Amino acid sequence: MNIESRRLFLKTSIIGGVLGFFSNKVSGITLTPSDSQGPFYPITPQKDKDFDLTTIKGQEGTAIGEIINIRGKVLDENLNPLEDVSIDLWQANAAGRYHHPYDTSSVPLDENFQGWAIIQSGVKGGFNFKTIIPGAYAASGSWTRPPHIHFKISKTGYHELITQMYFPDNELNKKDYLLQSKSSSEQEIMIAKKIESSPNTLEYTIILKSI
Ligand SMILES: [Fe+2]
């Protein structure tokens, strides 16, 4: 990360933290809090934005890294499922680098990693995608971001949500300034859940707030 993108990162992180501070509960339900968008929202056009980030249409290779399936659902604040929600997600590759011109990390890009998807929730608010566990990366000299996936979630009639999904049992979660700025119930909903019967699948629930 160069100095300019690091500054932008810190600035957007602080805004994310402040927004996170205002997230709240509705009738005892913890809504998914907002979290920093970071400086790497994709800006390079790409045709393939489907639910499988481990391959790119027209290429033979597979992304480097540990493949994982995310089984998600989107609910409203009354825990009713929300169909046709737009779910825009992006993440670093297994080495911890984004496919983005601001990311000047010296670790390699992965030409077979899609890095960005735009999908929709279906019946009962469900969505699925297949990806690799993103690598951790340095946000500053003393701060290493834990593996995470960025989300921008929108549906007419609901507040747009920009957030991040974290991975369970990662030691870096405990030292991450962004995640640790959230309450314990917020952290719980931001960290995907393991499924005993399916070790390569994680569950992730997003709760949106109506306008
Ligand atoms: Fe990030």
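Residues numbered from 1 in each chain as written. Predicted model: local features only at pLDDT ≥ 70, side-chain atom pairs only at ≥ 80, totals over all residues. Heavy atoms only, no water.

Colleague: Is there a simple way to explain the overall build of the protein chain in this structure?
Modeller: When you go through the protein chain residue by residue, the secondary structure sums to three helices and twelve strands. Looking at the 211 residues of the protein chain, the share that counts as buried comes to 49%. Pairs at least 24 apart in sequence give 72% of the contacts found in the protein chain among residues at least 6 apart. When the accessible surface of the protein chain is summed, it comes to about 10,500 Å², and 54% of that surface belongs to carbon and sulfur atoms. (Helix = DSSP H or I, 4+ residues; strand = E, 2+ residues; numbered from the N terminus. Buried < 20%, exposed > 50% of the residue type's maximum accessible area, 1.4 Å probe, protein only. Contact = heavy atoms within 4.5 Å. Areas by Shrake-Rupley, 256 points an atom, 1.4 Å probe, with all protein chains shown as cover.)

Colleague: For this particular structure, what's the right way to read unusual backbone geometry?
Modeller: For residues besides glycine, phi is generally negative; the peptide bonds are generally trans as well. Its identity as a non-glycine residue notwithstanding, leucine 79 has a phi of 65 degrees, on the positive side. Its place among the elements puts leucine 79 in the loop between strand 3 (67–75) and strand 4 (86–90). Looking at leucine 79, the relative accessible area reads 42%, which means it is partly exposed.

Colleague: Honestly, the side chain of serine 105 in this entry has me stumped. Any pointers?
Modeller: Secondary-structure assignment places serine 105 in the loop between strand 4 and strand 5 (116–120). Under the relative-accessibility criterion, serine 105 is labelled buried at 18%. A polar atom in the side chain of serine 105 sits 3.1 Å from the backbone nitrogen of valine 107. (Polar contact = N/O pair within 3.5 Å; in protein donor to acceptor, adjacent residues only side chain to side chain.)

Colleague: Is there a simple way to explain the sheet that holds strand 5 in this structure?
Modeller: Across a sheet, paired strands are connected by hydrogen bonds in the backbone, their directions being either parallel or antiparallel. Across the sheet, four strands lie side by side as 5-4-9-10; this open sheet has antiparallel pairing. Sheet topology places strand 5 and strand 10 (161–166) at the edges, where each strand pairs with a single neighbour. Neighbour-to-neighbour, the strand axes of the sheet open up by a mean angle of 25 degrees, direction not taken into account. Across five bridges, the pairing between strand 4 and strand 9 (residues 148–154) is antiparallel. Across the sheet, residue leucine 89 finds its bridge partner in strand 9, namely phenylalanine 151. (Pairing = 2+ DSSP bridges. Axes fitted to C-alpha atoms, helices over the stretch in contact; angles between N-to-C directions.)

Colleague: I keep staring at the coordination of the iron ion and nothing clicks. Help me out?
Modeller: For a metal with four tetrahedral donors the ideal donor-metal-donor angle is 109.5 degrees, whereas six octahedral donors ideally subtend 90 or 180 degrees. Coordination of the iron ion by the protein is provided by Tyr98 (OH), Tyr137 (OH), His148 (NE2) and His150 (NE2), with metal-donor distances spanning 1.9 to 2.2 Å. Geometry at the iron ion is irregular, judged from the four donor atoms that bind it and their angles of 93 to 157 degrees at the metal. The sequence motif formed by the donor residues of the iron ion is Y-x38-Y-x10-H-x1-H. With tyrosine 98 in the loop between strand 4 and strand 5 and histidine 150 in strand 9, this residue pair connects regions lying 52 residues apart in the sequence. By relative accessible area, tyrosine 98 is classed as buried at 2%. (Donors = N, O, S within 2.8 Å, 3.2 Å for Na, K, Ca; no water. Tetrahedral: all angles 85-135°; square planar, octahedral: opposite > 155°, others 65-115°.)

Colleague: Got a minute to help me understand the packing of aromatic side chains in this structure?
Modeller: Note on aromatic pairs: each is described by the distance of the centres and the angle between the planes. A full pass over the atoms with the stated rule returns eight aromatic pairs. Considering the side-chain rings of phenylalanine 127 and phenylalanine 129, the 6.4 Å spacing of their centres and the 5 degrees angle between planes classify their relative orientation as stacked. Under the relative-accessibility criterion, phenylalanine 129 is labelled buried at 2%. Linked through ring pairs, Phe127, Phe129, Phe151 and Tyr204 together constitute an aromatic cluster. Above the face of the tryptophan 116 ring, lysine 49 is positioned so that its terminal group lies 4.7 Å from the ring centre. (Phe/Tyr/Trp six-rings, centres within 6.5 Å; stacked < 30°, edge-to-face > 60°. Lys NZ or Arg CZ within 6 Å of the ring centre and 35° of its normal.)

Without other data, these values stay purely geometric and don't point to any function.
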